[in-house]
Amino acid sequence: MGHESLIALVLINRPVTEVWEYWTHAEHIMQWNAPFDDWHCPEVENDVTAGGRFKFFMEKKDGSEGFEHAGTYNQVTPFEMIAYTLKDGRQSWIEFQQIDSNTIVRERFEPELQTAIELQKEFCQSVLNRFKNYVEQQ
């Protein structure tokens, strides 16, 4: 692609077994997978296996804007790593690293060319921050 991967990360005050469950189960994804408070994720399909497909539909709560985040999992190592390819061919990697009773979630992704890099970083970091808040409130 010619662009280096972007990275966002968050430290969550929960063990990796809990973090993994909240990251991979559809009923939880629907609760945290949105970039901003005025967005939501009303549709989730998620087969977290190598070769499995996923589809997350995110939209503004007023329905004025929305998009589908969808692709195929290339590699799944439970409690450690998920690698996937989006429908447009871009690659992403999610790493889970437990330190004591905390977990670092690190997301590395190839940016899309049509959207400003800073906006993509901010979007990804915002979703990770919402994930952290959701998990720590459970």
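Small disclaimer: the values here were computed from a predicted structure and weren't measured.

A.B. asks: Go over the nonpolar core, please, and point to the residues and values.
C.D. replies: Within the largest apolar cluster, 33 residues are counted, with the highest numbers of intra-cluster contacts made by Trp 23, Ile 82, Phe 96, Val 105 and Phe 131. Sorting elements by how many residues they give to this core places helix α3 (residues 117-137) first, with 6 residues. Among residues more than four places away in sequence, those in contact with Phe 131 are Ile 12, Val 19, Tyr 22, Trp 23, Trp 32 and Val 105.

A.B. asks: Describe the pairing of strand β5 (residues 81-86), listing the residues and the values that go with them.
C.D. replies: Burial analysis of β5 places 6 of its 6 residues in the buried class, the great majority of the element. Burial of the side chains of β5 extends over both faces: Met 81, Ala 83 and Thr 85 are buried on one face and Ile 82, Tyr 84 and Leu 86 on the other. Where strand β4 (residues 66-77) lies against β5, 6 bridges are found, and the strand directions are antiparallel. Across the sheet, Gln 75 pairs through a bridge with Ala 83, a residue of β5. Pairing of β5 with strand β6 (residues 91-99) involves 5 bridges; the strand directions are antiparallel. Residue pairing for β6: Met 81 is matched across the bridge by Glu 95. With antiparallel pairing between neighbouring strands as the criterion, β5 and β6 make up a hairpin whose turn holds 4 residues, including Gly 89 at a positive phi of roughly 95°.

Conventions adopted
Residues numbered from 1 in each chain as written. Predicted model: local features only at pLDDT ≥ 70, side-chain atom pairs only at ≥ 80, totals over all residues. Heavy atoms only, no water. Core = buried A, V, L, I, M, F, W, Y, C linked by side-chain atoms within 4.5 Å. Buried < 20%, exposed > 50% of the residue type's maximum accessible area, 1.4 Å probe, protein only. Helix = DSSP H or I, 4+ residues; strand = E, 2+ residues; numbered from the N terminus. Contact = heavy atoms within 4.5 Å. Pairing = 2+ DSSP bridges.

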